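Working through the structure, step by step
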Amino acid sequence: MASSVFRFRSRSQVSFRLDGERTCLRYPVMGDYSEWSRLREASRGFLEPWEPRWAHDDLTRAAFRYRIQRYDADRAAGKALPLFVCLRSSGQLVGGVTLGAIRRGVAESCTLGYWMGEQHAGKGLMRDALTALLPHVFDSMRLHRIEAACIPDNSRSQRLLEAVGFRREGYLNGYLKINGAWRDHLLYALVAEDWHSMRKQSSGSGG
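Residues numbered from 1 in each chain as written. Predicted model: local features only at pLDDT ≥ 70, side-chain atom pairs only at ≥ 80, totals over all residues. Heavy atoms only, no water.

1. Considerations on the nonpolar core
- Of all hydrophobic cores here, the largest spans 39 residues; its most connected members are Leu99, Leu112, Leu133, Ile146 and Phe166.
- Elements that contribute at least two residues to this core include exactly strand S3 (81-87), strand S4 (93-103), strand S5 (109-116), helix H4 (125-140), strand S6 (145-150), helix H5 (155-163), strand S8 (181-191) and helix H6 (192-205).
- Membership of the second largest hydrophobic core comes to 14 residues, among which are Trp36, Leu47, Leu59 and Leu93. (Core = buried A, V, L, I, M, F, W, Y, C linked by side-chain atoms within 4.5 Å. Buried < 20%, exposed > 50% of the residue type's maximum accessible area, 1.4 Å probe, protein only. Helix = DSSP H or I, 4+ residues; strand = E, 2+ residues; numbered from the N terminus.)

The structure is reproduced here in structure tokens:
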């Protein structure tokens, strides 16, 4: 179930929350710094192989303040939708999801990025969060296509994307600089027609 009060291009502060069965997604705020920095530091060895190289000051309060300012500016400009993933039961921060490179007009597309704290990985929480996010992408934002790329040896990410309906479309040579090295990626995508078809089949099978 997803519930939100959201006007994507508005610069005003509005409430926003998407609810899954076990998780919820919401805007990051400055008050998240302590919890975010603890989770990221504890998960550093787990996350670094799959992310751009961390800056030396990445976990400082000043860097986080700049991160929040950039998030707010990108969201207000309609360029991206960065969200934190929390447990519905307690509000505990467990990870993050970003819809980036949002393009309108003839494209109506975006890219998907995500991370999960090590202690929370492998429990189905990101799958739950993405299941809550996709209706917002296709029904509320009215996008037609969402893309995601993952390193070929990241089997966990591949299984996650396939579980929520993404199809593998291609192989991208030297696509992104990850942890200091240019890495090949697998390209996955989900388009609105396929997602609506899956939702219809799921509703039908449920009686």
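2. Things to note about the packing of aromatic side chains
- One pass over the structure, following the stated rule, counts four aromatic pairs.
- On the basis of an interplanar angle of 5° and a centroid distance of 5.2 Å, the ring pair of Phe16 and Tyr27 is categorised as stacked. You can see Phe16 sitting in the segment before strand S1 (17-19) and its partner Tyr27 sitting in the loop between strand S2 (23-26) and helix H1 (33-42), a full eleven residues away along the chain.
- Judged by its relative accessible area of 7%, Phe16 is buried.
- Seen in terms of ring centroids, Trp36 and Phe64 are 4.8 Å apart; in terms of plane orientation they differ by 40°. Their pairing is tilted. On the criterion of sequence distance, the pair formed by Trp36 in helix H1 and Phe64 in helix H3 (residues 61-76) is long-range, its members being 28 residues apart. (Phe/Tyr/Trp six-rings, centres within 6.5 Å; stacked < 30°, edge-to-face > 60°.)

3. Observations regarding H4
- Over its 16 residues, H4 runs 22 Å from end to end, which matches the ideal 22 Å to within 8%, given 1.5 Å per residue.
- What H4 keeps buried is the set Leu125, Met126, Asp128, Ala129, Leu130, Ala132, Leu133, Leu134, His136, Val137 and Phe138.
- Immediately downstream of H4, the backbone of Arg142 shows phi near 60°, a positive value. (Expected span 1.5 Å × (residues − 1).)

4. Some details on the side chain of Asn154
- Checked against the element boundaries, Asn154 lands in the loop between S6 and H5.
- Among the residues examined, Asn154 registers a relative accessible area of 14% and is labelled buried.

5. Some remarks on the pairing of S3
- When you tally the buried positions in S3, you get seven out of seven residues, the bulk of the element.
- What you see with S3 is no split at all: Leu81, Leu83, Val85 and Leu87 on one side and Pro82, Phe84 and Cys86 on the other are buried throughout.
- Note: S2 against S3, four bridges, orientation antiparallel. Residue pairing across strands places Arg26 opposite Phe84, the latter belonging to S3.
- For S3 and S4, the ladder comprises six bridges, and the chain directions are antiparallel. Following the sheet pairing, Leu83 is matched in S4 by Val97. (Pairing = 2+ DSSP bridges.)

6. A closer look at the confidence of the model for the protein
- Considering every residue of the protein, the mean pLDDT works out to 92; 92% of them sit at 70 or more.
- Throughout residues 1-13 the model reports pLDDT below 50, and contacts reaching past four residues in sequence, or to other chains, amount to 33 contacts. (pLDDT = per-residue confidence, 0-100. Contact = heavy atoms within 4.5 Å.)

7. Details of H5
- Every buried residue of H5 is listed here: Ser157, Gln158, Leu160 and Leu161. Down the axis of H5, the sector holding all buried residues measures 160°, keeping them to one side.
- Summarising the contacts, the buried residues of H5 are in contact with S5, H4, S6 and S8.
- Just beyond H5, the residue with positive phi is Gly165, at close to 110°. (Arc of directions from axis to C-beta.)

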